Amino acid sequence: MKNISVLGSTGSIGRQTLEVAAANPEQLKIRVLAAHRNVDLMLQQIELYHPDLAVLTDKKAADKLQKQYHGKTEILSGQEGLLAAATYEKVDTVLGAMVGYAGLRPILAAINAGKDIALANKETLVAAGHIVMEAVKENHVNLLPVDSEHSAIFQSLRGGYHPCLTFTETENRSSEVKKLILTASGGPFRGKTKDELKQVTLAQCLKHPNWSMGKKVTIDSSTLANKGLEVMEAHWLFNMPYEKIEVVIHPQSIVHSLVEFNDGAVIAQLGIPDMKLPIQYALSYPQRYDCSFGRLDLIKCGTLTFEAPDREAFPSLQIAIECGKAGGSLPCAFNAANEECVTAFLDGKIAYLDIPDIVRRVVNSHILIPHPCLDEIEETDQNVRLMTRILIQHQ
């Protein structure tokens, strides 16, 4: 039995994680639920899963939850509650599914408390990959990917069941690898030119052809910023230089990613576009639980196609990779600027093509800190957000 804390339980990944736990009641026990302010859904989740702790970081929402709930689950609030959720003594695995930069400190706290991590929050590694991976090594914990692409690479690198192999050992295998190949669906605007993207609407952006995701991730998928973040995440997870990470567009979202080895062998992981499979593998590792969800039918899939990404129409991918290669505080700056621009676009304050334009202007003006400590990362995040908001106001 694995005891799980779900950070971001009311979001898309969080909800699917609870479905995975419900399908595997003999193996997975939900001990802690944490979210931001969705009182009604949190109340439903508490009544279904009976956790020891439930946290809403919004204190007003937590107060409302306490008034409505009268059971045995302890209700906590704020950042203190979130850190308690991440470090709860009866938990051995923390699933990090919070949106954006907000996931960094609780994930670090969980690692330092000796918890294994199932990571869906890529921004944690983007902003502070050097700090997070050092903490993983120092605390001898597993950091297992939940993103479908990184789960595919994780599985493909192993090619089977290797119970003693962890992320801290991948550096000894990197010389075997020619390149990592991350696949991307291309989002709802694949094939469109930059001129055609000038008039796209929010509603169009949120209609992803293959995946059901939260709004922020769906917008990032449409701009290919998400794939840029995933390149940075892969760099840290697998100790792989950027020159050995490639992105290809695969519209069917059946091949989730691939690894090419030095001898020319290419190993891929295939599956239906459903996040429950990588979530379940991150929680079951090193075992594989029986599949309680959909299975892949290759005959029904038909033709699988691949193409190069259009970096001119979707410049966010290239901007992210450039920031990743520069390193230091620039990946954090990219993430902060992108988060602010996506929020502004969701609020109707800027146009779709303003997102990469403003992000580019922000990162170009950022003064790089080569080896930032956690406090410097926090300061970078805050300063970049302020600068981005000023540019948005004057757009």
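As the structure is a computational prediction, the values presented were derived from the model and not from experiment.

Draft legend 1. Here's a closer look at the sheet that holds strand E11 (residues 266-270). The mixed open sheet is built from four strands, whose spatial order is E9-E8-E10-E11. If you trace the sheet from one side to the other, it starts and ends with strand E9 (245-249) and E11, each paired once. Strand-to-strand, the axes of this sheet are offset by a mean angle of 20°, without reference to chain direction. Relative to E9, strand E8 (residues 177-184) runs parallel, the two sharing five bridges. Among the inter-strand pairings, Leu182 is bridged to a residue of E9, identified as Val247. Each of E8 and E9 touches helix H10 (residues 225-237); the most contacted strand, E8, lies at about 150° to it.

Draft legend 2. Highlighting a nonpolar patch on the surface. Taken together, the side chains of Leu270, Leu296 and Leu298 make up a nonpolar region of the molecular surface, amounting to roughly 240 Å² of accessible area. Here Leu298 shows up in helix H12 (residues 298-301). Accessibility expressed as a relative area gives 52% for Leu298, which makes it exposed.

Draft legend 3. Expanded view of empty space enclosed by the protein. A full pass over the atoms with the stated rule returns three cavities of 30 Å³ or more. Of the voids in this model, the largest cavity is the one considered here, and its volume is about 50 Å³. Forming the boundary of the largest cavity are Ser148, Ser151, Gln155, Trp211, His256, Gln269, Ile272, Asp274, Leu277 and Pro278. At the level of secondary structure, the elements contributing two or more residues to the lining of the largest cavity comprise helix H7 (148-158) and helix H11 (276-284).

Draft legend 4. Fine view of the sheet that holds strand E4 (residues 74-77). Spatially, seven strands are ordered E4-E3-E2-E1-E5-E6-E7 in an open sheet, and the strand pairing comes out parallel. A strand with exactly one partner marks an edge of an open sheet, and here the two such strands are E4 and strand E7 (143-145). The sheet shows a mean angle of 25° between the axes of neighbouring strands, direction not considered. Direction of pairing for strand E1 (residues 2-7) relative to strand E2 (residues 28-35): parallel, over a ladder of six bridges. Within E2, the position partnered with Leu7 by the bridge is Ala34. Packed onto the sheet, helix H2 (residues 39-49) meets E2, strand E3 (53-56) and E4 and runs at close to 165° relative to E2. Sheet strands touched by helix H6 (residues 123-139): strand E6 (116-119) and E7. Its angle to E7, the strand with the most contacts, is close to 145°.

Draft legend 5. Examining the pairing of E6 more closely. Here strand E5 (residues 93-96) runs beside E6; their pairing, made up of four bridges, is parallel. Bridged to Leu95 within E6 is Ala118. Where E6 meets E7, three bridges bridge the pair, whose relative direction is parallel. When the sheet's bridge partners are listed, Ala118 is paired in E7 with Leu144. Regarding topology, H6 serves as the crossover connection from E6 to the parallel E7, and that connection is right-handed.

Draft legend 6. Summary view of the packing of aromatic side chains. As enumerated under the stated definition, the model contains five aromatic pairs in all. A centroid spacing of 5.9 Å and a plane angle of 75° characterise the contact between Tyr281 and Tyr285, whose relative ring orientation is edge-to-face. Pairing Phe345 with Tyr352 gives two aromatic rings, centres 5.8 Å apart and planes at 65°, and the pair type is edge-to-face. Through a chain of ring-to-ring contacts, three or more aromatic side chains come together here, namely Phe154, Tyr281 and Tyr285. Here the guanidinium or amino end of Lys276 rests over the ring plane of Phe293, the centre of that ring lying 5.2 Å away.

Draft legend 7. How the structure looks around the packing of H10 against helix H14 (residues 330-346). Two elements in contact, H10 and H14, have axes whose closest approach is 12 Å; the angle formed by their N-to-C orientations is 155°. The pairing of H10 with H14 is recorded here as roughly antiparallel in orientation. Like other packed secondary-structure pairs, H10 and H14 cross with a definite hand, here left-handed. Touching Ala225, Leu229 and Met232 of H10 are Pro331, Phe334, Asn335 and Asn338, all from H14. Here the residues of the contact of H10 with H14 are counted per class, giving five nonpolar, two polar and no charged.

Draft legend 8. Fine view of the layout of surface pockets. The calculated volume of the second largest pocket comes to roughly 340 Å³. For the second largest pocket, the lining is made up of 18 residues, of which Leu277, Gln280, Arg288, Tyr289 and Cys291 are closest to its centre. Of all the secondary structure elements, the ones that give two or more residues to the lining of the second largest pocket are E11 and H11. By residue number, the principal contributor to the lining of the second largest pocket is H11, which donates five residues. Of the residues that constitute the lining of the second largest pocket, the class distribution is eight nonpolar, five polar and five charged.

The rules we used
Residues numbered from 1 in each chain as written. Predicted model: local features only at pLDDT ≥ 70, side-chain atom pairs only at ≥ 80, totals over all residues. Heavy atoms only, no water. Pairing = 2+ DSSP bridges. Helix = DSSP H or I, 4+ residues; strand = E, 2+ residues; numbered from the N terminus. Axes fitted to C-alpha atoms, helices over the stretch in contact; angles between N-to-C directions. Contact = heavy atoms within 4.5 Å. Patch = residues over 30% accessible without salt bridge, like charges linked within 9 Å, V, L, I, M, F, W, Y side chains within 5 Å. Areas by Shrake-Rupley, 256 points an atom, 1.4 Å probe, with all protein chains shown as cover. Salt bridge = Lys/Arg side-chain N within 4 Å of Asp/Glu carboxyl O. Buried < 20%, exposed > 50% of the residue type's maximum accessible area, 1.4 Å probe, protein only. 1 Å grid on protein atoms, 1.4 Å probe; cavity = no way out; pocket = protein on both sides within 12 Å on 5 of 7 lines; lining within 4 Å. Points joined across faces, edges and corners; volume = space filled by probe spheres on them. Right-handed = clockwise from strand over helix to strand, strands pointing away. Phe/Tyr/Trp six-rings, centres within 6.5 Å; stacked < 30°, edge-to-face > 60°. Lys NZ or Arg CZ within 6 Å of the ring centre and 35° of its normal. Parallel < 35°, antiparallel > 145°, perpendicular 65-115°, else oblique. Left-handed = near helix turned anticlockwise from the far one by under 90°. Nonpolar A, V, L, I, M, F, W, Y, C, P; charged D, E, K, R; others polar.

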